[in-house]
Amino acid sequence: MSQIQHAVPDGPIRYTQICTRSSSCSSPQTSSSAAAAGTEPPSCPGHRGRTPRRKWQVFPGRNRFYCDGRVMMARQTGVFYLTLVLIILTSGLFFAFDCPYLASNLSPAIPAVGAVLFIFVMGMLLRASFSDPGVLPRATPDEAADLERQIDSTGCSKPPPRTREVLINGQTVKLKYCFTCKIFRPPRASHCSLCDNCVERFDHHCPWVGNCVGRRNYRFFYFFILSLSFLTIFIFAFVITHVVLTSMFDSFTALRTILEVVVCFFSVWSIVGLSGFHTYLISSNQTTNEDIKGTWSRKEGKDNYNPYSYGNVLTNCCTALCGPLPPSLIDRRGLIQADTPQTAPQSNGTGGGGSYAPTQLHSHMVGGYHPGRLQHGGGTSCQLCCFHAAKISVCTVW
Amino acid sequence: MKNAGLRCFLYSINEQIRALAGSHPKSVLTGFKCVQTHSLQDLQQPAVSSKVFVQRDYSSGTICKFQTKFPSELESRMDKQQFEETMQTLNNLYAEAEKIGGKSYLEGFLACLTAYTIFLCMETHYEKVLKKIARYIKDQNEKIYAPRGLLLTDPIERGLRVVEITIFEDRSVGSGR
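Residues numbered from 1 in each chain as written. Chains lettered and ligands numbered in written order. Predicted model: local features only at pLDDT ≥ 70, side-chain atom pairs only at ≥ 80, totals over all residues. Heavy atoms only, no water.

A. Examining the overall build of chain A more closely. Assigned secondary structure in chain A consists of 12 helices and 10 strands. Of the roughly 17,100 Å² of accessible surface on chain A, a fraction of 64% belongs to carbon and sulfur atoms. (Helix = DSSP H or I, 4+ residues; strand = E, 2+ residues; numbered from the N terminus. Areas by Shrake-Rupley, 256 points an atom, 1.4 Å probe, with all protein chains shown as cover.)

B. Expanded view of the sheet that holds strand β3 (residues 135–136) of chain A. Residue and element names in this part refer to chain A. Strand order in the open sheet formed by 3 strands is β3-β8-β7, and the pairing between neighbours is antiparallel. Strand pairing shows two members of the sheet lacking a second neighbour, β3 and β7 (190–192), which therefore form its edges. Sheet analysis places β7 next to strand β8 (residues 197–199), joined by 3 bridges and oriented antiparallel. Pairing of Ser190 across the sheet is with Val199, part of β8. (Pairing = 2+ DSSP bridges.)

C. Examining the UniProt feature "domain: Golgin subfamily A member 7/ERF4" (unreviewed entry) in chain B more closely. The UniProt entry lists residues 52–164 of chain B under the feature "domain: Golgin subfamily A member 7/ERF4" (unreviewed entry), expressed in the numbering used here. The span residues 52–164 of chain B shows a helical share of 45% and a strand share of 10%, and its end C-alpha atoms are spaced 6 Å apart. (UniProt positions renumbered as here; feature names shortened; annotations may be inferred.)

D. Looking closely at the sheet that holds strand β1 (residues 49–55) of chain B. All names here are of chain B. Here we have 3 strands laid out as an open sheet, ordered β1-β3-β2, and antiparallel in their pairing. The two strands at the open ends of the sheet, each matched to only one other strand, are β1 and β2 (150–153). Averaged over neighbouring strand pairs, the angle between their axes works out to 20 degrees when direction is ignored. One ladder, built from 7 bridges, connects β1 with strand β3 (residues 162–168); its direction is antiparallel. Bridge pairing links Val52 to Ile165 in β3. (Axes fitted to C-alpha atoms, helices over the stretch in contact; angles between N-to-C directions.)

E. Spatial organisation of the packing of aromatic side chains. Residue and element names in this part refer to chain A. Taken as a whole, this structure holds 21 aromatic pairs over all chains when the rule is applied. Where Phe95 meets Phe118, the ring centres are 6.2 Å apart and the plane angle is 75 degrees; that geometry is what we call edge-to-face. Taken together, the positions of Phe95 in helix α4 (residues 78–105) and Phe118 in helix α5 (residues 109–130) put the pair 23 residues apart, joining distant regions of the chain. For the pair Phe120 and Phe223, a centre-to-centre distance of 6.4 Å together with 65 degrees between the ring planes defines the contact as edge-to-face. Of this pair, Phe120 sits in helix α5 while Phe223 sits in helix α7 (residues 218–246), placing them 103 residues apart in sequence. Given the relative accessible area of 12%, Phe223 is considered buried. Within the aromatic cluster, the residues linked to one another by ring pairs are Phe94, Phe95, Phe118, Phe234 and Phe238. If you follow Arg164 out to its NZ or CZ, it ends over the ring of Phe184, 4.2 Å from the centre. Taking NZ or CZ as reference, Arg201 lies 5.3 Å from the ring centre of Tyr218, over its face. (Phe/Tyr/Trp six-rings, centres within 6.5 Å; stacked < 30°, edge-to-face > 60°. Buried < 20%, exposed > 50% of the residue type's maximum accessible area, 1.4 Å probe, protein only. Lys NZ or Arg CZ within 6 Å of the ring centre and 35° of its normal.)

F. Quick look at the UniProt feature "transmembrane region" (unreviewed entry) in chain A. Residue and element names in this part refer to chain A. According to UniProt, the feature "transmembrane region" (unreviewed entry) maps to residues 79–97, 109–128, 220–245 and 257–277 in the numbering used here. Between the C-alpha atoms that bound residues 109–128 there is a distance of 28 Å. The span itself is 100% helix and 0% strand. With 100% helix and 0% strand, residues 257–277 has its two end C-alpha atoms placed 29 Å apart.

G. Main features of the packing of helix α10 (residues 313–322) of chain A against helix α4 (residues 102–113) of chain B. It is at 9 Å that the axes of α10 of chain A and α4 of chain B come closest, and there the two elements cross at 60 degrees. Here α10 of chain A lies oblique to α4 of chain B, going by the angle between them. Note on packing geometry: the crossing formed by α10 of chain A with α4 of chain B is left-handed. Counting all contacts with α10 of chain A, which are made through Thr315, Cys318, Thr319 and Cys322 of chain A, the residues of α4 of chain B involved are Ser104, Tyr105, Gly108 and Phe109 of chain B. Grouping the constituent residues of the contact of α10 of chain A with α4 of chain B by class yields 4 nonpolar, 4 polar and no charged. (Parallel < 35°, antiparallel > 145°, perpendicular 65-115°, else oblique. Left-handed = near helix turned anticlockwise from the far one by under 90°. Contact = heavy atoms within 4.5 Å. Nonpolar A, V, L, I, M, F, W, Y, C, P; charged D, E, K, R; others polar.)

H. Quick look at a nonpolar patch on the surface. On the surface, Ile258, Val262, Phe265, Phe266 and Trp269 of chain A cluster together to form a nonpolar patch covering roughly 580 Å² of accessible area. Taking relative accessible area as the criterion, Val262 of chain A reaches 39% and is therefore assigned partly exposed. (Patch = residues over 30% accessible without salt bridge, like charges linked within 9 Å, V, L, I, M, F, W, Y side chains within 5 Å. Salt bridge = Lys/Arg side-chain N within 4 Å of Asp/Glu carboxyl O.)

I. Layout of the confidence of the model for chain B. Per-residue confidence for chain B gives a mean pLDDT of 77, with 69% of residues at or over 70. Prediction confidence for the complex, expressed as pTM and ipTM, is 0.73 and 0.71 respectively. (pLDDT = per-residue confidence, 0-100.)

J. Seen up close, the environment of Leu147 of chain A. Inspection of the secondary structure assignment puts Leu147 of chain A in helix α6 (residues 141–154). The spatial distance from the C-alpha of Leu147 of chain A to the C-alpha of Pro161 of chain A is 12 Å, given a sequence separation of 14 residues. Apart from residues no more than four positions distant in its own chain, Leu147 of chain A is found in contact with Arg164, Tyr177, Lys182, Ile183 and Phe184 of chain A together with Gln55 of chain B.

K. Looking closely at the nonpolar core. Of all hydrophobic cores here, the largest spans 44 residues; its most connected members are Ile87, Phe94 and Phe224 of chain A together with Tyr116 of chain B. Mapped by element, the contributors of at least two residues to this core are β2 (71–74), α4, α5, α7, α8 (251–283) and α10 of chain A together with α4 of chain B. Broken down by element, the residue count for this core peaks at 13 residues, all from α7 of chain A. Residues contacting Phe224 of chain A, with those up to four places away along its chain left out, are Thr83, Ile87, Val121, Met124, Leu125 and Val209 of chain A. (Core = buried A, V, L, I, M, F, W, Y, C linked by side-chain atoms within 4.5 Å.)

L. Broad picture of the pattern of salt bridges. Under the defined criterion, the tally for this structure stands at 20 salt bridges over all chains. Between Arg162 of chain A and Glu148 of chain A there is a salt bridge, with its nearest N and O atoms 3.1 Å apart. Placement of Arg162 of chain A in the loop between α6 and β4 (163–168) and of Glu148 of chain A in helix α6 is noted, with a sequence separation of 14 residues between them. The partly exposed category is assigned to Glu148 of chain A, whose relative accessible area is 26%. Across the pair Glu98 of chain B and Arg215 of chain A runs a salt bridge whose closest N-O atoms are separated by 3.8 Å. Separated into two different chains, Glu98 of chain B in the loop between α3 (80–97) and α4 and Arg215 of chain A in the loop between β10 (211–213) and α7 make up a pair that spans both. A cluster of three or more residues bridged by salt bridges with shared partners is formed by Asp142 of chain A together with Lys51, Arg158 and Glu164 of chain B.

M. Main features of the confidence of the model for chain A. Across chain A, pLDDT averages 75, with 69% of residues at or above 70. A low-confidence stretch, residues 1–48 of chain A (pLDDT under 50), is modelled with 69 contacts involving residues beyond four sequence positions or located in other chains.

N. Inspection of the packing of α5 of chain A against α7 of chain A at higher detail. All names here are of chain A. In the contact formed by α5 and α7, the axes pass within 8 Å of each other and the chain directions differ by 150 degrees. By the angle between their directions, the pair α5 and α7 is classed as roughly antiparallel. Our pair here, α5 against α7, has a crossing hand that is left-handed. In this structure, α5 contributes Ile110, Val113, Gly114, Leu117, Phe118, Phe120, Val121, Met124, Leu125, Arg127 and Ala128 to the contact, and α7 contributes Phe220, Phe221, Phe223, Phe224, Ser227, Leu228, Phe230, Leu231, Phe234 and Phe238. Split into classes, the residues belonging to the contact of α5 with α7 amount to 18 nonpolar, 2 polar and 1 charged.

O. View of the environment of Glu143 of chain A. For Glu143 of chain A, the position within the fold is in helix α6. With relative accessibility at 5%, the residue Glu143 of chain A sits in the buried group. In the structure, Glu143 of chain A is positioned 52 residues away from Ser91 of chain A in sequence and 51 Å away in space, judged by C-alpha atoms. The contacts of Glu143 of chain A, once residues within four sequence positions are left out, are Phe53, Arg158, Arg161 and Val162 of chain B.

Here you go:
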């Protein structure tokens, strides 16, 4: 009883300390320097600076997070910086040296269109690189145990089969069991070995973008390569035009021109080709993964067709590019609470439905019985967030 | 997991106190303090619970849909009809979230034109429906599941993989004083 009386003013601080003790990652020393501020209401007295950690800090995959969990990328980002340098350098040279001549001698619309294209390219690149591609959170221990029980009960032979067959639109699709994430992967999902995550509608891991390309960022990736194709063709064409019109060569001009032409030439062949390939994939509603493996290609003696295609090129395109954007299933910026189920080796917050603007979502989200106060977007667990004091007693009782 | 035993009981108290004390966190805490002694005395033994997981149904493709088959563990607790109705409504709501049609195309097109900055100011259709789903689950828990010692967990908390139903052992958890 006295414990309760003491606990109430300290409330969440003591609670966090006790209830995350099983987590290998939670440690008091990190929270004092944690920038995850604003987690406790200022009215809570006795606050000792031990702020609860956010879920991205204990995320089990091999990802990097920036801006307090708002930005999510793969571990190796070197090639992404190269992409940025190439685009900015080439465009910068174009705007600085070619555009003044072209604007005055041809049309001021040229730099304007170039600027719009450049901004769109950068926007789509950053969006594709920084967003969650559709990572599936790993199973909670209870779920994993339940699945194990089911698997063991079905098979008589050892080892028991770890695949499930599903009939989708008349096609038999095999669902594989992921040993890392301890789930049966949904159709079209795949486990990325570089990021160590299962990703929904996995297309490929793109080092140029520094992230996986999956369900949630495929359209950004596609718009990026499409607009980059236009930008490179645009710059290539107008650099050549400038050179032809001026026919004045000093060494600096020659050097600059050669650089722009070489970059654009190789980019045109590779990027335009890639855009064409992805246009084909979108129109047939396939992923790069499926195309490479030949999953839906015609096989002898088998009636093989793509069960996900809508049968119509226009519908396939519209769905892929303008369809509803699903929210992130990993609640990166949610706070770790004791009643959030942890995965076995490391604690991992389970899906809590963040979005690209997670702070906005959390304050309005489902469990927002305490708007503005609650960071965790959960449903039933949030209902008890009032009862921190009771939970402390619960934790000590059992 | 043992917390879950307290959770269901406290859930009903939570709502009563909220109604009495308003939604101010402090007043809720204060209001609850006086009830704590009762809850601790009542729940000296943990309410042992087990969990049932309703998996996804992929027969219609990759859309979010859960199996409506009635789990055998719930046979003693509730009506098959009610369970199937809950699952069907959930499936319909998720179908509404992922529905492709004029409205979603318009939203996608506008978003593309604004370079997706429009979502900094407004919610996507999917997010709006997720809120609706959460309200529905809360409502179902209050009316149907909590009185039977069950608790539905919102699938979004489990990454839309499963619908987790927690079963509490029948202790005298009915009355909230």
